[in-house]
Amino acid sequence: MSGVLPAILNSVLICLVGGLVGAALGEARDMPSLGALLGSLLACTTHAIWQSLRAQKFVRWLRDTSGPAPRNAGLWGEVGYLTERSLRSLERGIVQERLQRTQFLSGIEASPNGVMLLDVHDQIEWCNSVSAQHFSLQRDNDRLQTVTNLIRSPVFVAYMQAQEFDAPVYLGGPGTRQKLMVLVRPYGDGKKLLLSQDVTERDRSEAMRRDFVANVSHEIRTPLTVLAGFIETMATVKLSEAENCRVIELMSQQAQRMQTLVADLLILAQLEGSPPPSPDRWVGLGGLVRQAEADAQALSGGRHRLSFKGETDVEIAGTESELQSALTNLVSNAIRYTPEGGSVEVRSGVRADGVVELEVQDTGVGIEKGHIPRLTERFYRVDGSRSRETGGTGLGLSIVKHVVQRHGGELQIVSELGKGSIFKLAFPAHRVRYVRAASASLPTAAIAPP
Ligand code: ADP
């Protein structure tokens, strides 16, 4: 309004001045009124042409606003200035908004979960790369496609149709590799946010935890039931001296079984809960092998041919109790699964690439190929009754695997049914060092590179 009044006054003034000049000129010819009329008409026309030229200049600028608006005095100058100012502020707002949107989307892009935005017709507006990977989508090509045309799982389609999004839906599962948890959250005016999370690993460890608890309960319940049975027998039946001795011996066997199980469970819990083995605590290989030899002799009681050969001038960085437990478990298995008269051989050596290998070979019952990948699972047994008869808990090899992995190494198993097995522990070169052993060296065994 501020510029309009002066502009009107300005136009009126110009017409007035034109009229006055016209009247003055008309006076000379004795026609002042006609002169005034013509003068003001001429002034008004010139002013109107001048204004339309300015307006044209302004319209030209409006067509391409990249440059500055025409800087004129008067109404058009003010219109230009005000238009340019609000245009620039609008542009700044748009740039700011775009920046925020980009930052927001890149924030969602960084999410470990899948995020998809659906419009009111359930068409994909945008999705992050995790979501695209979860549902095998092509982010550019699949934009504006109806989501149920691309995610065709009947469970998902039913979920979208039911429009009840209080609880998540699970896609995949048995038979498929991946299990997804999908949750839809409505927002805005009929739009939807579709969140997806890969729960394959979570489900697997949950199932493993359930199995583990069930297995532990079963393992403990069995000797407990036997013990309870014997206690009841002793309380109700009068046993002879010999029977009494026999029952007590059986009870002590069951108690021993529970003790061994609890001890193994504690070792596993410790392995899972304790920090990784120190890289600068050195454990002599010779000492480990000698201890395993003493244990083997006690366990075998002369029923097997035992042989211990290998490198003693070597130390492994790690925890002695863990390494000892791994080797002793392997040796104990070799003896327990090798019938009387068979042989058990322990070899240790350093490969050309610096890797230390500890091999326990037996001529025992051997293992069918199909079982080998599962041997290190907790409570996995090829022959349950033989394992239990010989005092096994089904946890030995999982302890071994844990220990070796914590020391950066690996466990390899080679076995043939009826012929025997080789269990090999390999520790990486960076965890190995040579020492000059003063005494007690074992005969050296050459271990060929695999
Ligand atoms: P367990 O306490 O039952 O011996 P492990 O975890 O030590 O449990 O071993 C798992 C299974 O692997 C055993 O039950 C047995 O069937 C098989 N196994 C382990 N070592 C040997 C071996 N040296 N010879 C044959 N079978 C073996």
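Keep in mind it's a predicted model, so treat the numbers as computed, not measured.

Chemist: Tell me about the sheet that holds strand β10 (residues 356–362), and name the residues and values.
Modeler: The strands that make up a sheet are held in pairs by hydrogen bonds between backbone atoms, and each pair lies either parallel or antiparallel. Pairing in this open sheet of five strands is mixed, and the strands run β7-β9-β10-β12-β11 from one edge to the other. Among the strands making up the open sheet, the edge pair consists of β7 (305–310) and β11 (410–416). Each neighbouring strand pair of the sheet contributes to a mean axis angle of 10°, computed without reference to strand direction. Examined bridge by bridge, β11 and strand β12 (residues 420–427) share seven bridges and lie antiparallel to one another. Counterpart to Ser-415 in the pairing with β12 is Ser-421. Packed on one face of the sheet, helix α9 (residues 285–300) meets β7, β9 (343–350) and β10 and runs near 180° to β7. Of the strands in this sheet, β11 and β12 are in contact with helix α12 (residues 396–406), which crosses β12 at around 25°.

Chemist: Explain the site of the ligand to me, using residue names and the numbers behind them.
Modeler: Lining the immediate surroundings of the ligand are 21 residues, of which Asn-333, Tyr-337, Ser-387, Gly-394 and Leu-397 lie closest. A distance of 2.9 Å is found between a nitrogen atom of the ligand and a side-chain nitrogen or oxygen belonging to Asp-362. Contact distances for the ligand include 2.8 Å between an oxygen atom and a backbone N or O atom of Leu-397. Coverage of the ligand by the protein chains reaches 98% of its 530 Å² of free accessible surface. When residues of the shell around the ligand are traced back to their parent elements, those giving at least two are α10 (320–336), α12 and β12. With three residues, the single largest contributor to the shell around the ligand is α10. The residue makeup of the shell around the ligand, split by class, is 10 nonpolar, seven polar and four charged.

Chemist: Describe the state of the cysteines, with residues and values.
Modeler: One pass over the structure, following the stated rule, counts one disulfide. Across the disulfide, Cys-15 is cross-linked to Cys-44 (sulfur-sulfur distance 2.0 Å). Note on the Cys-15 and Cys-44 pair: the S-S dihedral is about 130°, so by sign convention the disulfide is right-handed. Remark: Cys-44 occurs in helix α2 (residues 32–63) and Cys-15 occurs in helix α1 (residues 4–28); sequence separation between them is 29 residues. With a relative accessible area of 30%, Cys-44 lands in the partly exposed category.

Chemist: Mind laying out the domain arrangement of the protein chain, listing which residues take part and the relevant values?
Modeler: Split by domain assignment, the protein chain resolves into domain 1 (4–89), domain 2 (111–198), domain 3 (203–273) and domain 4 (282–439). In this structure, domain 1 and domain 3 have C-alpha centres spaced 108 Å apart.

Chemist: Can you break down unusual backbone geometry residue by residue, with the values?
Modeler: Phi is positive for Asp-30, close to 65°, though the residue is something other than glycine. Of note, Asp-30 is situated in the loop between α1 and α2. Of note in this structure, Ser-136 is not a glycine but carries a positive phi near 50°. Along the chain, Ser-136 turns up in the loop between α4 (129–134) and α5 (147–150).

Chemist: Quick one: what's the story with the pairing of strand β4 (residues 179–187), residue by residue and with numbers?
Modeler: Bridging between strand β3 (residues 169–172) and β4 involves four bridges; their strand directions are antiparallel. Its bridge partner lying in β4, Tyr-170 is registered against Met-181. Connecting β4 to the next strand, strand β5 (residues 191–198), in antiparallel fashion are three residues, including Gly-188 with a positive phi near 55°.

Chemist: If you had to explain the packing of α9 against α10 to someone new, which residues and values would you point to?
Modeler: Where α9 meets α10, the closest approach of the two axes is 9 Å, and the angle between their N-to-C directions is 35°. Regarding α9 and α10, the two cross each other, and that crossing is right-handed. Residues Gly-287, Leu-288, Val-289, Gln-291, Ala-292, Asp-295, Ala-296, Leu-299 and Ser-300 of α9 form the contact with α10, whose participating residues are Glu-320, Leu-323, Gln-324, Leu-327, Thr-328, Val-331, Ser-332, Ile-335 and Arg-336. A breakdown of the residues in the contact of α9 with α10 according to their chemical character gives nine nonpolar, six polar and three charged.

Chemist: Lay out the nonpolar core in plain terms, naming residues and giving numbers.
Modeler: With 43 residues, the main nonpolar core has Leu-327, Val-331, Val-360, Val-400, Phe-423, Leu-425 and Phe-427 as its most contacted residues. For this core, the element with the most residues is α10, which contributes seven residues. Taken domain by domain, the makeup of this core includes at least three residues from each of domain 3 (203–273) and domain 4 (282–439). Leu-327 has contacts with Leu-288, Val-289, Ala-292, Leu-358 and Val-360, leaving out every residue within four places of it along the chain. Ranked by size, the runner-up nonpolar core spans 20 residues in total, among them Phe-135, Phe-165, Val-182 and Val-184.

Cut-offs applied
- Residues numbered from 1 in each chain as written.
- Predicted model: local features only at pLDDT ≥ 70, side-chain atom pairs only at ≥ 80, totals over all residues.
- Heavy atoms only, no water.
- Pairing = 2+ DSSP bridges.
- Helix = DSSP H or I, 4+ residues; strand = E, 2+ residues; numbered from the N terminus.
- Axes fitted to C-alpha atoms, helices over the stretch in contact; angles between N-to-C directions.
- Contact = heavy atoms within 4.5 Å.
- Near = heavy atom within 4 Å.
- Polar contact = N/O pair within 3.5 Å; in protein donor to acceptor, adjacent residues only side chain to side chain.
- Areas by Shrake-Rupley, 256 points an atom, 1.4 Å probe, with all protein chains shown as cover.
- Nonpolar A, V, L, I, M, F, W, Y, C, P; charged D, E, K, R; others polar.
- Disulfide = S-S within 2.5 Å.
- Buried < 20%, exposed > 50% of the residue type's maximum accessible area, 1.4 Å probe, protein only.
- Domains from an automatic or database assignment.
- Left-handed = near helix turned anticlockwise from the far one by under 90°.
- Core = buried A, V, L, I, M, F, W, Y, C linked by side-chain atoms within 4.5 Å.

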